[in-house]
Amino acid sequence: MTADSQLKPQSLPQHVAIIMDGNGRWAQRQGKPRVWGHKKGVEAVRRSVSFCRELGISSLTLFAFSSENWRRPEEEVSTLMQLFLMVLQSEVKTLHKHNVRLKIVGDLSAFSDKLKANIAKAEQLTAANTAMTLNIAANYGGRWDMVNAARCLATQVQNGELTVADINEHTFAAQVQMSEQPELDLLIRTGGDVRISNFLLWQAAYAELWFTDTLWPDFDQQVFSEAIAAFVNRERRFGCTGEQIRQLATLGKG
Ligand code: IPE
Ligand code: IPE
Ligand code: MG
């Protein structure tokens, strides 16, 4: 069989996560302040969501703010928070219209009451949507996620709902973020660095890792489809091209 006849939507990853890196450098290269890159990065987020939606990928998880990003200059952190709030308010209707469920994953306790209220509102509005789930990782850290899971299990043991002997990979996995969604298949990092930066440590155990020098604001369907083609080829040894992936997206629209 040729690659063409084998390449089916079910060959695609079901859950893709992206470390959206390189906004600051993108802006600096144009002689602009770093925050300009974060603003332009929002367009790459929109493109990525609609591409996943067209391909029928059921979960997309985007790393927007790490638990370590608080160490950045106060001004940058506050701009990022404002941008997060603005985007949440402006995009949620469009997501809802496209039947996308929005989830914010991370330690939300550090956010302002206003931001927390907006997050709750957006999640409630889109909770029953079924076309795909968009997870935004905010104040997220892979180590936090695992510590949080350990705490949940400890509480269950304390309450007599679970015994220590019941703690295993299965019960632990049920407590980490996004356990209700398909397993992570593909983890992409833009911006040229080859590290995980405390992203999905548990969930990435068997994910394919794909790195690109493309800076996040330049991330588009072309680059995204190369990443997906690399996944399909590594998993199924098809030898398919990014072009074929883009054709699948076009078919999905029809
Ligand atoms: C990633 O871009 C976005 C966030 C961490 C919020 P950076 O801001 O890390 O951009 P670079 O890596 O400095 O270019
Ligand atoms: C990772 O990027 C975090 C996000 C994309 C939100 P960073 O730029 O913060 O990662 P390091 O510091 O280079 O590892
Ligand atoms: Mg960076």
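For the structure, see preceding data.
Just so you know, these numbers come straight off a predicted model, no measurement behind them.

Parameters at a glance
Residues numbered from 1 in each chain as written. Chains lettered and ligands numbered in written order. Predicted model: local features only at pLDDT ≥ 70, side-chain atom pairs only at ≥ 80, totals over all residues. Heavy atoms only, no water. Core = buried A, V, L, I, M, F, W, Y, C linked by side-chain atoms within 4.5 Å. Buried < 20%, exposed > 50% of the residue type's maximum accessible area, 1.4 Å probe, protein only. Contact = heavy atoms within 4.5 Å. Helix = DSSP H or I, 4+ residues; strand = E, 2+ residues; numbered from the N terminus. Salt bridge = Lys/Arg side-chain N within 4 Å of Asp/Glu carboxyl O. Pairing = 2+ DSSP bridges. Axes fitted to C-alpha atoms, helices over the stretch in contact; angles between N-to-C directions. Patch = residues over 30% accessible without salt bridge, like charges linked within 9 Å, V, L, I, M, F, W, Y side chains within 5 Å. Areas by Shrake-Rupley, 256 points an atom, 1.4 Å probe, with all protein chains shown as cover. Parallel < 35°, antiparallel > 145°, perpendicular 65-115°, else oblique. Left-handed = near helix turned anticlockwise from the far one by under 90°. Near = heavy atom within 4 Å. Polar contact = N/O pair within 3.5 Å; in protein donor to acceptor, adjacent residues only side chain to side chain. Nonpolar A, V, L, I, M, F, W, Y, C, P; charged D, E, K, R; others polar. Expected span 1.5 Å × (residues − 1). Bend = angle between axes of the 7 residues up to and from the residue.

**Some thoughts on the nonpolar core**
Working step 1: Core analysis: the largest hydrophobic core is formed by 52 residues, its most contacted members being Ile 18, Leu 60, Phe 224, Ile 228 and Ile 245.
Working step 2: Ignoring sequence-local partners within four residues, the contact set of Ile 18 consists of Leu 60, Thr 61, Leu 62, Phe 63, Leu 187, Ile 188, Phe 199, Trp 216, Phe 219 and Phe 224.
Working step 3: Counting 13 residues, the second-largest nonpolar core is a separate cluster that includes Tyr 140, Met 178, Leu 200 and Ala 207.

**Description of the environment of Pro 182**
Working step 1: Structurally, Pro 182 can be placed in the loop between α7 (169-173) and β5 (186-189).
Working step 2: Here Pro 182 falls in the partly exposed class, since its relative accessible area comes to 26%.
Working step 3: A sequence separation of 32 residues divides Pro 182 from Ala 150, and the C-alpha atoms of the two residues are 21 Å apart.
Working step 4: Residues contacting Pro 182, with those up to four places away along its chain left out, are Gln 14, His 15, Ser 58 and Ser 59.

**Notes on the pattern of salt bridges**
Working step 1: The final tally for this structure, using the stated rule, is 12 salt bridges.
Working step 2: Arg 246 is paired through a salt bridge with Glu 243; the nearest N and O atoms lie 2.8 Å apart. A residue pair is termed a helical-turn pair when its members lie 3 or 4 positions apart in one helix, as Arg 246 and Glu 243 do in helix α9 (residues 242-253) at 3 residues.
Working step 3: Residues participating in the shared-partner salt-bridge network are Asp 21, Arg 25 and Arg 189.

**Remarks on the sheet that holds strand β3 (residues 100-105)**
Working step 1: Taken together, 6 strands build an open sheet; the order of strands is β3-β4-β2-β1-β5-β6 and the sheet is parallel. Where the open sheet ends on each side, the last strands, each with one partner, are β3 and β6 (208-211). Direction aside, neighbouring strands of the sheet carry axes that sit 20° apart on average.
Working step 2: Pairing of β5 with β6, which is carried by 4 bridges, proceeds in the parallel orientation.

**Side note on a nonpolar patch on the surface**
Working step 1: A surface patch of nonpolar side chains, amounting to about 250 Å² of accessible area, comprises Val 194, Leu 209 and Phe 211.
Working step 2: On the secondary structure map, Val 194 appears in the loop between β5 and β6.
Working step 3: Overall, Val 194 belongs to the exposed group, its relative accessible area being 62%.

**A look at the packing of helix α3 (residues 34-55) against helix α4 (residues 74-97)**
Working step 1: The N-to-C vectors of α3 and α4 enclose an angle of 25°; their axes lie 11 Å apart at closest approach. Accordingly, the angle class assigned to the pair α3 and α4 is roughly parallel. Helix-helix and strand crossings are classified by hand; for α3 and α4 the assignment is right-handed. Of the residues in α4, those touching α3 at Arg 34, Val 35, His 38, Lys 39, Val 42, Arg 46 and Val 49 are Glu 76, Thr 79, Leu 80, Leu 83, Val 87, Glu 91 and Leu 95.

**Describing the site of ligand 1**
Working step 1: The immediate surroundings of ligand 1 are formed by 13 residues, with Asp 21, Gly 24, Arg 25, Arg 34 and Arg 72 found nearest.
Working step 2: Take Asn 23: an N or O atom from its main chain is 3.2 Å from an oxygen atom of ligand 1.
Working step 3: At 2.8 Å from an oxygen atom of ligand 1 is found a side-chain nitrogen or oxygen belonging to Arg 34.
Working step 4: Among the elements of the structure, α2 (23-29), α3 and α4 are those that each provide at least two residues to the shell around ligand 1.
Working step 5: Looking at the shell around ligand 1, the element that brings in the most residues is α2, giving 3 residues.

**Some details on the packing of α4 against helix α5 (residues 113-126)**
Working step 1: One can describe the packing of α4 onto α5 by two numbers: an axis separation of 10 Å at closest approach and a directional angle of 15°. In terms of their interaxial angle, α4 and α5 are classed as roughly parallel. In the crossing of α4 with α5, the sense of the turn from one axis to the other is left-handed. Counted together, Met 81, Phe 84, Leu 85, Leu 88, Gln 89, Val 92 and His 96 of α4 and Lys 114, Leu 115, Asn 118, Ile 119, Ala 122, Leu 125 and Thr 126 of α5 form the full contact between these two elements.
Working step 2: Its residues assigned to classes, the contact of α4 with α5 comprises 9 nonpolar, 4 polar and 1 charged.

**Some remarks on α4**
Working step 1: Here α4 spans 35 Å end to end across 24 residues, near enough to the 34 Å set by a 1.5 Å rise per residue.
Working step 2: The largest bend in α4 amounts to roughly 40° and is located at Glu 91.
Working step 3: Along α4, the residues classified as buried are Glu 76, Val 77, Thr 79, Leu 80, Met 81, Leu 83, Phe 84, Leu 85, Leu 88, Glu 91, Val 92 and Leu 95.
Working step 4: Contact partners of the buried residues in α4: α3, β2 (59-66), β3, α5 and β4 (132-140).

Functional significance is not addressed by these values, which are geometric in nature.
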